[in-house]
Amino acid sequence: MRKSGIAVWETLDIPERRSAHWRFPLRSIWVERIDTEWHVFSQAEERHVSDASFTLVSRSRKPVSSRWRHYLQRDSGAIQPSPVLPDRPVVMRPDRALTLLPGQSTVFFLEIPVWFRLSTTGTRPTRIFEEPLAVLTRTWFGDPVTGELCWGLATRLHHALDSVSASADRAVCPLMIENDSEIDLEFQKICIHVENLSVFRGRGHLWTNSLHAVFRGPDQVTQIEIVHTPPGFEEHLVPVSEAREPSTGWNIRRTFGVLKYFTDF
Amino acid sequence: MFFQQVYNWIRTLSPDVLTRGLRVALTLVIGLLIIRLLAVVVQRYLMKKSTLQRRMVVRKIISYSGFVLVAMAVLAELGVKLTALLGAAGIIGIAVGFASQTSVSNIISGLFLISEKPFAIGDVIRIGGTTGIIQSIDLLSIKIRTFDNLFVRIPNEKILSSDVTNITRFPIRRMDIVLQVDYGQDLGRVHDTLAVIARENPWSLDEPEPLILFNEFKESGIEMLFGLWFAKDDFLSLKNSIMKDISHRFAAERIRFAHPRRTVRTIVRDGLHS
């Protein structure tokens, strides 16, 4: 049994004497069921693979290590792997500094690495474990007293969806920005509060909720609004994981870094 | 046998004494219960969002004033005239006040500390040579637990007159590591190596950027300051890992640490060493 791409996130049953093996570009995860325990092993992928894959392998082929983790749970049955967004805001450093001129608007497609969450299915789904599929740096956003601890990520700002390659370990976040002010909107960093976003599964991409921001000037409080319906860039999107902290949006002051007008940053 | 003796003794008491004793006991029990209940209700429901320190202060105010009130009620029940007692207490108070100037000074210092809030329960502070976690802030002293699990009581008066460093007040800190590299090293390569070490360490924040500063020409080498920002809870993880990272990476890059040395030159003149 082998699956690849987005299909690795489908529900499955692990037969007896078999281990489930998910292989992502930067991480490999093995899961098996023995008696009343889930046994889980995870390690950084040494040979980078371009796409995600899933296989059921014989137990004899599982890695031998003392770092297998054991989770006790009596109920067996199908399990659900889900892509979830990181547990802290993600500060994205675009590959180039960008200035949005007054009166202009644009859409960016941001790629956010997802975490792997494994849950049981049934009437009372239980989370077994979750962990990041990519190593993100730790970073601080804001001033040293009132800022917040975030994950840091260097990324490319995609203006068109065509340039975003299909991936099972990254979710695409559409960010619409309008500069409705009289001044240039400069930013070198974008802080996305991913803990407020859900994940949807499409045919080739994972998606998050769309974000919409209207910048009206440094003196005006501007909200980043979360569009709660699935993004309209792909049809038949299926919700796969809910936001860790559901919200309607957040303040733009907590979003853009190095705005020369926001002296408190 | 014992209970029989107690019963016989009670029977010898007059009904008036018995009633009074019962009322005193009831006043004590009900009074103490009310104090306890009041403290719990105020802490759990009315001050749910307050800091731990504020809740502790309020609990102590409720307890102490409650005990005084209960004691006064008991004394009144026993027929002690409170006006005379308060008068005597005033005189005694003056005498005790003179005798306990240090305690009064500590109490006033405690009030200043509570209003100024330089630290709160759970903060890690350094006073003089003592570093530890604050366990309680009281009117007379603060109690801290050091990292080697010692209990230290520091009088408030001393705190007010000392330099206090609150290590965990802000969410991020900088760890400064002073290094000395040998004079023969390529400083550009040393700088780049330190930048890579900071970037690859999982506990070091990439923003604010690490500080790499060539500090001074010392006797044995060039002194550098390597400052890494980290979230305050990650101190130990960063400290341990960064030392190993520096050591490994410097060895791999063949960057030599400076160590004290003396160069002795021997000049040979006419077959003689000088």
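What you see is a predicted model, and the numbers here were worked out from it, not measured in a lab.

So, about the sheet that holds strand S3 (residues 27–34) of chain A. All names here are of chain A. Strands sit in the order S1-S5-S2-S3-S4-S6 across an open sheet of six strands; the sheet is antiparallel. Both edges of this open sheet fall to strand S1 (2–4) and strand S6 (69–72), since each of them pairs with a single strand only. Adjacent strand axes in the sheet meet at a mean angle of 20° when their direction is disregarded. Sheet analysis places strand S2 (residues 18–23) next to strand S5 (residues 53–58), joined by six bridges and oriented antiparallel. Within S5, the residue paired with His-21 across the bridge is Thr-55.

All names here are of chain B. Read from one edge of the open sheet, three strands run S6-S8-S7, paired in antiparallel fashion. Edge positions in the sheet fall to strand S6 (172–181) and strand S7 (211–217), since each has one partner strand and no second. Geometrically, the sheet is characterised by an average inter-axis angle of 25° between neighbouring strands, direction not taken into account. Alignment of S7 against strand S8 (residues 222–231), held across six bridges, turns out to be antiparallel. Counterpart to Leu-213 in the pairing with S8 is Leu-225. Along the sheet, helix H7 (residues 187–200) contacts S6, S7 and S8; its crossing angle with S7, the most-contacted strand, is approximately 145°. Against the sheet, helix H8 (residues 235–253) contacts S6 and S8, and its axis sits at roughly 145° relative to S8.

This paragraph deals with the domain arrangement of chain B. Bring the parts together and some accessible area is lost; that lost area is often taken as the interface size. All names here are of chain B. Under the domain assignment, chain B is made up of domain 1 (2–99), domain 2 (115–166) and domain 3 (172–253). At the interface, four residues of domain 1 touch five residues of domain 2. Of the residues that constitute the side of domain 1 that touches domain 2, the class distribution is two nonpolar, two polar and no charged.

In this assembly, eight residues from chain A lie in contact with 10 residues from chain B. Every element with two or more residues in the side of chain A that touches chain B is listed here: strand S13 (137–141) and strand S14 (148–155) of chain A. In terms of residue count, the dominant contributor to the side of chain A that touches chain B is S13 of chain A (four residues). Across the side of chain A that touches chain B, the residue classes break down as four nonpolar, three polar and one charged.

Procedures and definitions
- Residues numbered from 1 in each chain as written.
- Chains lettered and ligands numbered in written order.
- Predicted model: local features only at pLDDT ≥ 70, side-chain atom pairs only at ≥ 80, totals over all residues.
- Pairing = 2+ DSSP bridges.
- Helix = DSSP H or I, 4+ residues; strand = E, 2+ residues; numbered from the N terminus.
- Axes fitted to C-alpha atoms, helices over the stretch in contact; angles between N-to-C directions.
- Contact = placed C-beta atoms within 7 Å.
- Domains from an automatic or database assignment.
- Nonpolar A, V, L, I, M, F, W, Y, C, P; charged D, E, K, R; others polar.

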